[in-house]
Every structure is written in structure tokens, then in C-alpha cells.
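# A closer look at the structure
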Amino acid sequence: MYNASNRNNKLQRWVYTSLLLAGVGVSGMANATETLNFAHVYETSEPYHTWALWAADEIKERTDGRYQVEVHPASSLGKEADINEGLSLGTVDLIYTGNQFAARSYGPVGIAGAPYMFRDFDHWQAYANSDLFKDIAQGYQDATGNVPLAMNYYGKRHVTSNEPINTPADMQDLKIRTPNAPLYMMFPEAVGANPTPIAFSEVYLALQQGVVDAQENPLPTIQAKAFYEVQDTINLTGHITDSLITIAGGPLWNRLSEEDRAIFSNVYQEAGEKITQEILQSEEDLVAWFEDQGVTVNEVDTTPFREAVVPFHNGENATWSQETYDRLQAIGS
């Protein structure tokens, strides 16, 4: 007589025995490694990638192998707008992104990416550690489901060109590449230039072919992307004290235990501190390095540039309230 119960018991014993022989075991099935995707648009030579790899190793170790993070650099999983979208879709689990791109989903985030918003690095650092940033990060999480984990210093952004820029008048009608986010365009528009959005991976060729006259980025990025090969002057406008946010996608966050959430937060905050220190050191070292390459590093009086931009801080392109602006300006003063 056919006995379904006996047959099922035999099948279960066969599966269990096979797993033991394979060296897996029942506990191995429960602790299988989940592979996560971390996407960014930066080169493998840059600190963002180096410390993302370090963080991946730490995540694997601290979660006892439950999670393995694969890091995809240099826009290999899409442009910055694409990877931001991928967070909510679950096609990407973790990213670096600029404040201006995150602001497309929650406007107040963008305040940290506006030109001359910070007085100096110390003002930015105080903001990154402030209750204001925590409030903004929570607002972003409420709006998107995605979770900001850490701030990473990106450096002061400067204009490269083939002619020196000393005053706002020197930028009149200058066609300058910017990322495709409105707040990056605030500075050039305020000084009469023509912002031209071009994907990050296409900037070198655009400069080489004369599609644009100039671009703007921090010194470490100008080095990593070799923009100095096709632009002979770096103008130290320091117009944005810029940063990247490490963000975990909502689909990932929702399936993490509280213990693992703490691990991810701690690891990426530690990575952010290491990135920040490395970028600060690079900014100190790179002026001499560029000069050794034959590049003109042009010291600029930033006062007239700042004066041109500040009236735009709470203009029609502002994505934050006057209260948020006032809170930021009061930090550390």
C-alpha cells in the first residue's frame, strides 16, 4: 500500500544526507550569502571606490557572511540619475549620490549642494554632524523609503578652462559643463555663464572636442578624470563645498534586521570619515602636483562670485524653506 508519509520522510532524509555530504548542512541553508549591488559613477582610482571596497569587506565580515557587496564603479550600472532610480526599484541596493540628485526626490537635501552655501569645510562638517542633517535625512527617508547612511566629503568644486577666470565677468556666456541637476546650474547662471548638462562619463571628450568651454569639479576629480589634459587652467573658485551621500535602498533596508541595519550604518559612516580625510589631504597636495604637470592653478578672489550667488539662495530654484536655510547658516556661527 502506498504511504505518502513514508515517502516524504525518505525524501527529507535523502536531501539532508546529500547536504551533509556536500558540506553545506541545514544551518548553511539558513545562512546563505545574499549578494548586494553598490553602484557609483566614480573611477576605480578614487577614494570613493577604494573605501566602498573596504566597506564591502567589512560588511561581509561583520555580518558573518550573510551579505556580500559587489561594487560597480564608473557608471557601469548607469548614470547618476539611473542609479538613484534603481534604489527604489531594487535593482541597486546601495549608492553614492550628490545632494543635488537626491534633492530630485526630496528638495531640502539639495541645500548642501548649493553654491557658496557653506562658509568653509568646518561649516560643512558641522552640518554633516548636525540635527538639521538628521532631520533632512529622515524627511528623505519618509519621502522615498531609501535611507541615507553617511556623508562623504567630495571637495570644493573649481572651474577648469583654457583662459584664466578672475571675476564673474570672465564667465559671461562661457559654455560650462555641469551635472544634470538644477542646483549645479545656480552658480553659472548667477555669473552669466551657460550651464550645459553632460553625463559625467562624457565630459573629457566634450572638453577635448570643444563642445563646452569649461567644467567644474574638485581637484581630486579633475586629476582622476584627467580633465587637466584638455584644460590648461584650474581656477580656484571653490564655489561648492560638495559631498556625496551613501544611501541604502528601501527594499534592502526593509529586509535587514535591526542588528544588520546598525552594522551597515556604522560601516558606511566609518568609510565616510576615511573618505573625508583622504579628500582633504588630496586637496592640500594637488595644487603642487597640477603645477608640476604644467597646469596653471589660478588663485581667485571668491568674494565677488559669492556676492553674485547668495541672492539666489532663496530664489525660485531653492528647494528648501527659509527656516531650513536659517538653521544651516546658524550652525557653527
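It should be noted that the structure appears before, not after, this text.
Residues numbered from 1 in each chain as written. Predicted model: local features only at pLDDT ≥ 70, side-chain atom pairs only at ≥ 80, totals over all residues. Heavy atoms only, no water.

Let us look at helix α4 (residues 80-89). Considered for burial, the residues of α4 that qualify are E80, I83, N84, G86 and L87. Projected down its long axis, α4 shows its buried positions confined to an angular sector of 155 degrees, all on one face. On its buried face, α4 sits against β1 (34-39), β3 (94-98), α5 (99-102), α7 (131-144), β8 (233-248) and α11 (250-255). (Buried < 20%, exposed > 50% of the residue type's maximum accessible area, 1.4 Å probe, protein only. Helix = DSSP H or I, 4+ residues; strand = E, 2+ residues; numbered from the N terminus. Arc of directions from axis to C-beta. Contact = heavy atoms within 4.5 Å.)

A few words now on the environment of F121. With respect to the element layout, F121 can be found in helix α6 (residues 121-128). Note: C-alpha distance between F121 and D135 (14 residues apart in sequence) is 21 Å. Every residue in contact with F121, bar those within four places of it in the chain, is listed here: Y153, T276 and L280.

Turning next to the environment of W289. Examined against the element boundaries, W289 turns out to sit in helix α12 (residues 258-292). It is 9.4 Å that separates the C-alpha atoms of W289 and Q223, two residues lying 66 residues apart in sequence. For W289, the residues in contact, after removing those within four places along its chain, are Q223 and Y228.

Of the voids in this model, the largest pocket is the one considered here, and its volume is about 510 Å³. Lining the largest pocket are 21 residues, and of these A128, F133, L149, A150 and Q269 sit closest to its centre. Among the residues forming the lining of the largest pocket, the class breakdown is ten nonpolar, nine polar and two charged. Space inside the second largest pocket adds up to approximately 320 Å³. Secondary structure elements with two or more residues in the lining of the second largest pocket: α4, β4 (147-161) and β8. Here the lining of the second largest pocket takes three residues from α4, the largest share from any one element. (1 Å grid on protein atoms, 1.4 Å probe; cavity = no way out; pocket = protein on both sides within 12 Å on 5 of 7 lines; lining within 4 Å. Points joined across faces, edges and corners; volume = space filled by probe spheres on them. Nonpolar A, V, L, I, M, F, W, Y, C, P; charged D, E, K, R; others polar.)

Together, D57, E61, D64 and E259 make up a region of like negative charge exposed at the surface. Relative to the helices and strands, E259 resides in helix α12. (Patch = residues over 30% accessible without salt bridge, like charges linked within 9 Å, V, L, I, M, F, W, Y side chains within 5 Å. Areas by Shrake-Rupley, 256 points an atom, 1.4 Å probe, with all protein chains shown as cover. Salt bridge = Lys/Arg side-chain N within 4 Å of Asp/Glu carboxyl O. Lys, Arg positive; Asp, Glu negative; His and termini not counted. Charge placed at Lys NZ, Arg CZ, Asp CG, Glu CD.)

Glancing now at the nonpolar core. Counting 80 residues, the largest nonpolar core has V69, L94, Y127, F264, Y268 and F290 as the members making the most contacts within it. In terms of nonpolar packing, the next biggest core, distinct from the first, is built from 15 residues, Y116, V159, V191 and V309 among them. (Core = buried A, V, L, I, M, F, W, Y, C linked by side-chain atoms within 4.5 Å.)

Below, the discussion takes up helix α14 (residues 322-330). If you check which residues of α14 are buried, you get T324, Y325 and L328. The arc that holds every buried residue of α14, seen down its axis, measures 100 degrees, which confines them to one face. If you follow the buried residues of α14, they end up packed against α6 and α7.

As a further point, take the packing of helix α3 (residues 47-62) against α12. Put simply, α3 and α12 touch, their axes get as near as 9 Å, and they point 155 degrees apart. Here α12 runs roughly antiparallel to α3, going by the angle between their axes. Crossing of α3 over α12 shows right-handed handedness. Facing P47, Y48, W51, W54, A55, E58, I59 and R62 of α3, the residues of α12 in contact are I263, F264, N266, V267, Y268, E270, A271, K274, I275, E278 and I279. (Axes fitted to C-alpha atoms, helices over the stretch in contact; angles between N-to-C directions. Parallel < 35°, antiparallel > 145°, perpendicular 65-115°, else oblique. Left-handed = near helix turned anticlockwise from the far one by under 90°.)

With that settled, consider the packing of α7 against α14. It is the contact of α7 with α14, at a shortest axis distance of 10 Å, that shows an interaxial angle of 145 degrees. Seen from α7, the contacting residues are D131, L132, D135 and I136; seen from α14, they are T324, R327 and L328. Its residues placed into classes, the contact of α7 with α14 shows three nonpolar, one polar and three charged.

Turning our eyes to something else, we now look at unusual backbone geometry. In this structure, S75 takes a positive phi of about 60 degrees despite not being glycine. Despite not being glycine, A226 has its phi angle at roughly 60 degrees, a positive value. Residue class for A226 comes out buried when judged on its relative accessible area of 15%.

Within the element layout of this structure, E46 appears in the loop between β1 and α3. Buried within the structure, E46 lacks any salt-bridge partner; its nearest side chain of opposite charge belongs to K225, at an N-O separation of 5.8 Å. Those residues in contact with E46, other than ones at most four positions away along the chain, are T221 and A224.

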